[in-house]
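Listed below are the residues making up each chain.
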Amino acid sequence: MSRPGHDLLQCPVLVGRDEFLALSARRLATVAKGRGQLLFVAGEAGIGKTRLLGAITRQAQLQNFGVLRAGSFPGDVHSSAGLLLDLAGGLIACRKPPLRALGERLSGRLRALTGQAEDPATGDAHRRRRLLVQDLVDVLLAAYPGDPLLIVLEDLHWADDVSLDVLGHLATRLGTQPLLVTAAYRSDELYPHRPIRDLRSRLLGQRLAEEIRLPRLELQQTATMISTLLGHPAPAQVVQALQERSDGIPLHLEELLATVDEDTLTAQSGASVLAATVPDTLSDAVLGRTAALSQRTREVAAAASVIGRSFDWDLLTAITEVEPNEVAVALRELQQAHLVLPGLIANSFDFRHALIRDALYADTDLPVRRRLHERVARSATERGDRSAVISAHLEQAQQPDLAYRHAIAAGHLAASISAHREALELYRRAVRNQPAGLPILERAGLLAALGDEAAATDDNAAAAQAYRAAHQLIVEAGDVRAAAALVPRLVAVGHLLGDSLEVRVRALQTAMDSLTGVAGADRERARLRSALAAAYMLDRRLDEAIEHGERGRAESLRTGDAETALNLASTLGCVLTFAGRMDEGWRLMEGAIADARHADQEAEAARGYRGLGSSASVLVEYDRAQAWLTDGVRYAQSVELWNHQHYMAAHLAHVQWATGDWEAAHRTAQHALADGRGGITTRITAQYVLGYLALGRGDWDDATALLREASSDGERMAEIQRLSPPLWGLAEVARCRQDHHLAIELCRRGYRASAEVMDAGYLFPYLLTGVRAHLALNDLEAAQSWSTQVGAVLQARAIPGTLPALEHARGLLLLARGDLAGADQALRSAREQWRSRRRFWEGTWAGLDLATVAVRARRRAAAVHLIDESRDLAITVGAGVLVEAAEALTRSFDRGRAGEPWRPLTAREFEVAQLVASGLTNRQIAERLVLAPKTISAHVEHILMKLGAARRTEIAAWSATVSHPGPPASPR
C-alpha cells in the first residue's frame with residue numbers, strides 16, 4: 001500500500017514531553033495564585049516547540065485562563081515592534097470588547113514609536129523609547145485585572161529590539177501578576193548578533209525567567225511516536241533507521257513517514273528507509289540555507305557529504321584538494337549557518353542532522369560524487385581505515401573489483417564478531433560487485449555466507465533464495481558433500497517460511513541418500529540426522545526425534561563435531577520434556593546452553609535458550625520459562641541472532657498472557673509480530689497470543705480474525721505446535737459465545753492432532769473447553785466421555801503442568817451431577833494447582849466454578865467472597881469476559897433480592913462506593929481492601945457507569961441515600 005508523498009502526518013499526542021507538561025502545570029497553578037512567570041521554550045527547528053505551547057494553552061484554557069497569542073516573522077528583527085504589532089492586531093480582531101480596546105490602545109502606542117502618529121513626540125529619543133516601553137508594559141498588565149492570563153509568543157529568535165525590550169521589562173514586574181508568558185525560540189538560531197541572545201542570558205541569569213530545552217527523542221520515544229502515527233508498532237530495524245535519519249526530531253520523523261510506503265514501514269530491514277529520498281520540504285529548507293553560502297563553502301560541504309554524516313579535518317582536506325585555510329574558512333561558515341558542528345573526537349565534525357547531509361549529497365552532481373568517492377577510498381586505504389568503509393566508497397566510485405575484495409574481507413570480519421546485519425549488507429555489496437570470472441565454488445560460498453547472515457537477521461526469504469542459488473551452483477560443480485552440508489540450513493529457513501514437515505523430511509532424506517557410499521561424509525550425515533531430529537521434534541513426533549537424535553549425537557561425538565553435539569543435546573532435551581521426563585530434559589538443555597556459551601557457539605546457545613524457554617512456556621512451567629526466555633532474548637540480541645530473539649519474545653508474550661500480565665503480553669506480542677515478520681513461527685505465536693488477549697476481553701471479531709490467520713498458517717505447516725494453540729483459542733471463543741457445537745467440533749480436531757503423537761502439552765486446555773461445551777448442551781454423558789478420552793493422554797504423559805486440568809474437569813462433572821461436596825473439594829484442589837503454576841485463565845474460572853458450588857449450596861457469604869475475588873482479579877488483568885461471568889453469576893443468585901439497598905451495585909462495588917463517600921482516594925481504598933489501585937480504579941469506573949454519575953461526589957451523594965449499613969461482611 002502506498003503512502004502519498006504529500007500526505008500530512010502529525011502525531012496526535014506529545015511524546016517524551018511529560019516532564020515539561022508537568023512543569024507547565026505547576027507554573028500555571030502558581031500564576032493562578034497571583035505570582036507571574038516567564039517561561040522560555042527553546043529547541044531546534046522541528047523539535048516541537050509549537051506543539052508544547054499548544055498543550056500549555058489547552059492546560060490554561062481548562063483552568064479558565066485568558067489566552068493571548070503573537071509571533072515574529074523573518075525580517076522582524078530589522079523592523080520596529082513587529083511582535084507587539086502582531087499581538088495588537090490579534091487583539092483588535094477579537095470579539096470581546098475589552099480585548100479589542102486593549103488592542104487599539106496597544107496599537108496607538110506603537111504608532112507613536114513607528115512615526116505613524118499624527119503628533120510625533122519630540123525631545124530625547126532614548127527617553128521617549130523608555131517611556132513607551134514602560135507604557136506598553138502597563139497596558140499589557142492591565143489587560144485582565146485580577147484574572148489569570150497566558151501570553152504565548154512564538155519565534156522569538158526573529159523578534160526586534162523594542163519587542164524584546166518590552167518583554168524584558170515585563171519580566172521584572174510579573175511577580176505580583178496572575179500572568180504566565182511563554183516564549184519560544186530556536187536554540188540553533190541564537191546567532192551572536194540576535195537581540196534575543198542577550199535578553200535570554202540576562203533574564204535567566206537574574207532568575208527572572210526559566211527555560212525548557214526540548215531534547216531530541218530517544219529511540220524508545222521514536223518507536224512510541226511511530227506506533228501512534230501508524231496505529232501499530234513498526235519493526236525494530238525500521239524504527240532504528242528512522243531514528244538515524246530523523247535524529248529524533250519529531251517534524252523530520254513525520255515528514256519521513258509521509259514519504260515512504262507501507263511496504264517500507266513493515267519490511268524487516270531498515271535499508272529502504274535509509275535509502276529513501278529526503279522529503280522535499282526538508283531538502284528545500286537545507287538547500288535554501290546553503291544558497292547564501294560562498295561557492296567554495298558549498299564545494300567543501302558537498303565533499304563532506306560524500307564522506308558521510310561524520311568527517312574529520314584531514315580526510316576532508318585531502319579530498320577537496322584545496323588549501324587548509326580555505327577549508328577552515330568554509331567549515332567556520334558552515335558552523336555559523338548551523339549546518340555543521342564539532343564532533344566528539346578532536347578535529348572531527350558532524351552534520352547537525354542526517355537529513356542535512358543527505359540533502360547536500362543528493363544535490364551534488366553524479367560525476368563529482370564519483371570522483372570524491374574515489375578520493376575518499378584512496379585516502380582511507382592509505383590511512384588504513386576499515387575495509388567496510390572503503391568498499392562502500394569504491395562501489396559508489398564504480399570500481400567493482402576493488403569493492404568486492406574489500407567487502408568480502410569486511411563481511412568475514414563482521415560475521416566473526418556477530419555483527420550480522422553489517423555482515424549481510426557487506427555480502428550483498430560483494431554479490432553486486434563480484435567479478436565476472438569468479439570460480440563457481442567461490443560464488444557458491446559467497447551466497448551461502450549471505451544466506452547465513454540473512455537467516456541470522458531473520459530475513460528468511462532472502463536466506464532461502466541465497467541458499468537455493470548456492471546449492472544449485474554446488475550441485476553443478478559436482479561437490480556432493482558440500483551440497484548435502486547446505487541442506488540443513490536450507491531446510492531450517494524453509495521451516496520458518498512455512499514448509500511442511502513432509503517437505504523438509506523429504507529434502508533431508510534425499511541429501512542423506514546422496515551420501516551413500518561417499519567416503520569421509522560422517523560429519524555431513526550427523527548434521528542431517530540432527531536436522532531430522534529437530535524436524536520430528538517440532539511436530540512432537542518424539543519417537544522418530546529420539547531415534548535420529550541419538551544416532552546423530554553418537555556420530556557427532558565420534559567425529560568431534562561439537563557444534564552438532566550441542567545442537568542435538570538441545571533437541572533431545574526438548575523431546576524429553578514433552579515425553580514427561582522433565583528433570584532429565586531440563587538438565588540436558590541447561591547443560592547445552594552453558595557448554596555452548598563457554599565454547600562461543602552462539603547459534604547453538606541461542607537455539608538452546610529458544611528450545612528451553614518455549615518448551616517451559618507450553619508445559620506450564622512459567623517461572624522457568626520467564627527466566628530463560630528473558631535471558632535468552634537478551635543473549636540473542638547481544639549476538640544479533642534476531643530470529644531467535646523474536647521467537648522467544650513471542651513466547652514470552654505467551655507466558656505474560658498465561659500469568660495474567662496482559663498489558664505486557666499485548667505490548668510484547670505486538671513488537672514480536674512487527675519485528676519477526678520474517679519467520680512464520682514467530683508470527684503464528686504472536687498472533688495467537690494477541691487472539692487470546694482479544695478473547696479474554698470479549699473482542700470477538702479481533703480474536704476470531706487473529707486466531708483464524710494463525711490457525712491457517714499452522715495448518716499449512718502441519719505442525720501441532722503451530723496448529724493446536726490457535727485452534728484451542730477458536731474453540732474457546734466459540735464456547736464463550738455460546739456456540740457449543742462448534743466448540744466441540746474444534747476440540748475434537750485438537751484432540752486428533754495431539755492423540756496421534758500422544759501430546760499433552762498442547763492438549764490440556766481442550767479438556768476443560770470440551771467438558772464445558774458438552775455440559776452447556778446438558779449432555780453429561782458426552783462430557784464424561786470427553787474427559788475420559790482426553791484425560792487418558794494427559795495421564796499417560798503425566799506432565800505436571802497439565803494435570804490440574806484433570807481435577808478441574810472432575811470438579812465440573814461432579815457439580816453437574818449435584819455432588820456439591822465432591823465438586824467443592826475437586827475445584828478447590830484445581831484452583832490451588834492452577835494458582836501455584838500461575839495459570840490465570842483456568843485458575844480464575846476455577847474460582848467462579850467454586851462460587852457456583854457455593855451458590856447452589858446456599859452459602860451466600862462464601863459465594864460473595866469467591867465472586868468478588870474472581871471479579872477483582874479479572875478487572876486487574878482486563879479480562880472482560882471473566883468480569884461478565886462474575887456479574888452473571890451474581891445476578892443468578894440475586895434474583896428475588898432486588899430490595900437490597902445497594903442495587904444496582906454488587907456487594908464489592910457498594911463496599912468501594914462507601915469508601916469513596918468517606919473521602920478516601922483510590923490508593924487509600926486499595927490499601928484498606930488489600931487490592932491493587934488499578935482494580936479500585938476499574939471498580940470506580942463501573943460504579944459511575946451503573947449509577948449514571950460523572951464524578952465521585954455523585955457516588956457520595958447516592959451512598960448517603962442508602963440507609964442499609966452495607967452488604968454482609970465478606971470473609972477475609
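Residues numbered from 1 in each chain as written. Predicted model: local features only at pLDDT ≥ 70, side-chain atom pairs only at ≥ 80, totals over all residues. Heavy atoms only, no water.

### Some thoughts on the overall build of the chain
Inference 1: Helix and strand counts for the chain come out as 48 helices and 8 strands.
Inference 2: Considering only C-alpha atoms, the chain reaches an extent of 110 × 95 × 40 Å along its principal axes.
Inference 3: Looking at the chain as a whole, 55% of its 972 residues qualify as buried.
Inference 4: Counting only contacts in the chain whose residues sit at least 6 apart along the sequence, the fraction spanning at least 24 positions is 69%.
Inference 5: A total of about 41200 Å² of accessible surface is found on the chain, and carbon and sulfur atoms cover 50% of it. (Helix = DSSP H or I, 4+ residues; strand = E, 2+ residues; numbered from the N terminus. Buried < 20%, exposed > 50% of the residue type's maximum accessible area, 1.4 Å probe, protein only. Contact = heavy atoms within 4.5 Å. Areas by Shrake-Rupley, 256 points an atom, 1.4 Å probe, with all protein chains shown as cover.)

### Here's the deal with helix H39 (residues 780-797)
Inference 1: Compared with the 26 Å implied by 1.5 Å per residue over 18 residues, the 26 Å span of H39 between its first and last C-alpha is a close match.
Inference 2: The axis of H39 is deflected most strongly, by about 25°, at Gly-791.
Inference 3: Those residues of H39 that sit buried are Ala-782, Ala-783, Trp-786, Ser-787, Val-790, Gly-791, Val-793, Leu-794 and Arg-797.
Inference 4: Where the residues of H39 are buried, they touch helix H27 (542-559), helix H28 (562-578), helix H37 (740-755), helix H38 (764-776) and helix H40 (804-817).
Inference 5: Ala-798 sits one or two positions beyond H39 and adopts a positive phi of about 55°. (Expected span 1.5 Å × (residues − 1). Bend = angle between axes of the 7 residues up to and from the residue.)

### Description of the pairing of strand E1 (residues 37-43)
If a strand is regular, its side chains alternate between the two faces of the sheet.
Inference 1: The buried count for E1 comes to 6 of 7 residues, which makes it a mostly enclosed element.
Inference 2: Alignment of E1 against strand E4 (residues 179-186), held across 7 bridges, turns out to be parallel. Bridge assignment links Gly-43 to a residue of E4, and that residue is Arg-186.
Inference 3: Note that E1 and strand E5 (residues 210-213) share 4 bridges and pair parallel. Within E5, the position partnered with Val-41 by the bridge is Ile-212. (Pairing = 2+ DSSP bridges.)

### Examining the sheet that holds strand E6 (residues 310-312)
Within a sheet, each strand pairs with its neighbour through backbone hydrogen bonds, oriented either parallel or antiparallel.
Inference 1: Spatially, 3 strands are ordered E6-E8-E7 in an open sheet, and the strand pairing comes out antiparallel. Looking along the sheet, the strands with just one partner apiece sit at the ends: E6 and strand E7 (340-342). This sheet shows a mean twist of 30° between the axes of neighbouring strands, independent of strand direction.
Inference 2: The sheet contact formed by E7 and strand E8 (residues 348-351) spans 3 bridges and is antiparallel. From the neighbouring strand, Val-340 faces E8, where its bridge partner is Phe-351. (Axes fitted to C-alpha atoms, helices over the stretch in contact; angles between N-to-C directions.)

### Some points on empty space enclosed by the protein
Inference 1: By the definition in use, this model includes 7 cavities of 30 Å³ or more.
Inference 2: One number sums up the size of the largest cavity: a volume of about 150 Å³.
Inference 3: Residue lining of the largest cavity: 15 residues in total, with His-654, Tyr-692, Gly-761, Tyr-762 and Pro-765 positioned closest to the centre.
Inference 4: Elements with a minimum of two residues in the lining of the largest cavity: helix H30 (602-618), helix H32 (642-658), helix H34 (680-697), helix H36 (720-736) and H38.
Inference 5: Broken down by element, the residue count for the lining of the largest cavity peaks at 3 residues, all from H36.
Inference 6: Class assignment of the residues belonging to the lining of the largest cavity gives a composition of 10 nonpolar, 4 polar and 1 charged. (1 Å grid on protein atoms, 1.4 Å probe; cavity = no way out; pocket = protein on both sides within 12 Å on 5 of 7 lines; lining within 4 Å. Points joined across faces, edges and corners; volume = space filled by probe spheres on them. Nonpolar A, V, L, I, M, F, W, Y, C, P; charged D, E, K, R; others polar.)

### Digging into the environment of Trp-841
Inference 1: Looking at where Trp-841 falls in the secondary structure, it is placed in helix H42 (residues 840-856).
Inference 2: On the basis of relative accessibility, which here comes to 3%, the residue Trp-841 falls in the buried class.
Inference 3: For Trp-841 and Ser-283, which are 558 residues apart along the polypeptide, the C-alpha to C-alpha distance reads 54 Å.
Inference 4: Dropping the residues within four chain positions of it, Trp-841 is found in contact with Trp-657, Ala-658, Trp-662, Gly-696, Trp-728, Glu-732, Val-881 and Leu-882.

### Let's talk about the environment of Gly-608
Inference 1: Secondary-structure assignment places Gly-608 in helix H30.
Inference 2: What makes Gly-608 buried here is its relative accessible area of 0%.
Inference 3: The contacts of Gly-608, once residues within four sequence positions are left out, are Ser-570 and Ile-593.

### So, the packing of aromatic side chains
Inference 1: Taken as a whole, this structure holds 16 aromatic pairs when the rule is applied.
Inference 2: Measuring from centroid to centroid gives 5.9 Å for Phe-311 and Phe-349, while their planes differ by 20°, and the two rings are stacked. Residue Phe-311 is located in strand E6, and its partner Phe-349 is located in strand E8; the two are separated by 38 residues in the primary sequence.
Inference 3: Relative accessible area serves as the criterion here: at 4%, Phe-311 is assigned to the buried category.
Inference 4: Joined through ring pairs, the aromatic side chains of Trp-657, Tyr-688, Tyr-692 and Trp-728 make up one cluster.
Inference 5: We note Arg-357 situated over the ring of Tyr-361; from NZ or CZ to the ring centre the distance is 4.7 Å.
Inference 6: The aromatic ring of Trp-845 is capped on one face by Arg-735, whose charged end is 5.0 Å from the ring centroid. (Phe/Tyr/Trp six-rings, centres within 6.5 Å; stacked < 30°, edge-to-face > 60°. Lys NZ or Arg CZ within 6 Å of the ring centre and 35° of its normal.)

### So, the packing of helix H29 (residues 582-598) against H30
Inference 1: The N-to-C vectors of H29 and H30 enclose an angle of 155°; their axes lie 8 Å apart at closest approach. By the angle class used here, H29 and H30 are roughly antiparallel. Handedness of the crossing formed by H29 with H30: left-handed. Facing H29, whose interface residues are Trp-586, Met-589, Glu-590, Ile-593, Ala-596 and Arg-597, H30 presents Glu-604, Ala-605, Gly-608, Tyr-609, Gly-611, Leu-612, Ser-615 and Ala-616.
Inference 2: For the contact of H29 with H30, the residue count by class is 8 nonpolar, 3 polar and 3 charged. (Parallel < 35°, antiparallel > 145°, perpendicular 65-115°, else oblique. Left-handed = near helix turned anticlockwise from the far one by under 90°.)

### Remarks on the side chain of Arg-735
Inference 1: Inspection of the secondary structure assignment puts Arg-735 in helix H36.
Inference 2: For Arg-735, a relative accessible area of 9% corresponds to the buried category.
Inference 3: In terms of polar contacts, Arg-735 uses its side chain to reach the side chain of Glu-732, at 3.1 Å.
Inference 4: Setting aside anything within four residues of it in sequence, one finds Arg-735 in contact with His-740, Ala-743, Thr-769, Arg-772, Ala-773 and Trp-845. (Polar contact = N/O pair within 3.5 Å; in protein donor to acceptor, adjacent residues only side chain to side chain.)

### Brief notes about the sheet that holds E1
Inference 1: If you trace the 5 strands from one edge of the open sheet to the other, you get E2-E3-E4-E1-E5, paired in parallel fashion. Because the sheet does not close on itself, it has two edges, and the strands there are strand E2 (66-71) and E5. Here the strands of the sheet are splayed against their neighbours by 20° on average, with no regard to which way each runs.
Inference 2: Contacting E1, E2, strand E3 (149-154), E4 and E5, helix H2 (residues 49-62) crosses the sheet at an angle of about 170° to E3.

### Let's talk about the nonpolar core
Nonpolar side chains tend toward joint burial in soluble globular proteins.
Inference 1: Trp-657, Leu-767, Val-771, Leu-794 and Trp-841 are the most contacted members of the largest nonpolar core, which totals 133 residues.
Inference 2: For this core, the element with the highest residue contribution is H34, accounting for 10 residues.
Inference 3: Not counting residues within four places of it along the chain, the set of residues in contact with Leu-767 comprises Trp-786, Ser-787, Val-790, Leu-794, Ala-805, Leu-806 and Ala-809.
Inference 4: One finds Val-273, Val-278, Val-300 and Leu-372 within the second-largest nonpolar core, a separate group that totals 53 residues. (Core = buried A, V, L, I, M, F, W, Y, C linked by side-chain atoms within 4.5 Å.)

### Some remarks on helix H6 (residues 161-172)
Inference 1: Taking 1.5 Å of rise per residue, the 12 residues of H6 would be expected to cover 16 Å, and the 17 Å separating its terminal C-alpha atoms lies within 8% of that figure.
Inference 2: Within H6, burial applies to Val-162, Ser-163, Leu-164, Val-166, Leu-167, Gly-168, Leu-170 and Ala-171.
Inference 3: Between the side-chain oxygen at the start of H6 and the backbone nitrogen of Val-162 there is a gap of 3.0 Å, and the oxygen is on Asp-160.

### Side note on the confidence of the model for the chain
Inference 1: Averaged over the chain, the pLDDT score is 88; the fraction of residues at 70 or greater is 93%.
Inference 2: When pLDDT is averaged over each helix and strand of the chain, the minimum, 70, is found for helix H5 (residues 125-141) and the maximum, 97, for H38.
Inference 3: Across residues 1-6 the pLDDT falls below 50, and counting only partners more than four positions away or on other chains, this stretch makes 15 contacts in the model.
Inference 4: In this model, residues 965-972 is a region of pLDDT below 50 whose contacts with residues beyond four sequence positions or in other chains number 17 contacts. (pLDDT = per-residue confidence, 0-100.)

### Description of the pattern of salt bridges
Inference 1: All told, the structure shown has 51 salt bridges when counted by the stated rule.
Inference 2: Between Arg-735 and Glu-732 there is a salt bridge, with its nearest N and O atoms 3.1 Å apart. Of this pair, Arg-735 and Glu-732 both sit in helix H36, 3 residues apart, roughly one helical turn.
Inference 3: Under the relative-accessibility criterion, Glu-732 is labelled buried at 4%.
Inference 4: What emerges from the salt-bridge pattern is a single network uniting Arg-523, Arg-527, Asp-561 and Glu-563. (Salt bridge = Lys/Arg side-chain N within 4 Å of Asp/Glu carboxyl O.)

### Describing unusual backbone geometry
Inference 1: The residue Ser-418 is not glycine, and still its phi comes out positive at about 65°.
Inference 2: Relative to the helices and strands, Ser-418 resides in the loop between helix H20 (400-416) and helix H21 (420-433).
Inference 3: Relative accessible area serves as the criterion here: at 6%, Ser-418 is assigned to the buried category.
Inference 4: Phi is positive for Glu-640, which is not a glycine, with a value near 55°.
Inference 5: Within the secondary structure, Glu-640 sits in the loop between helix H31 (622-638) and H32.

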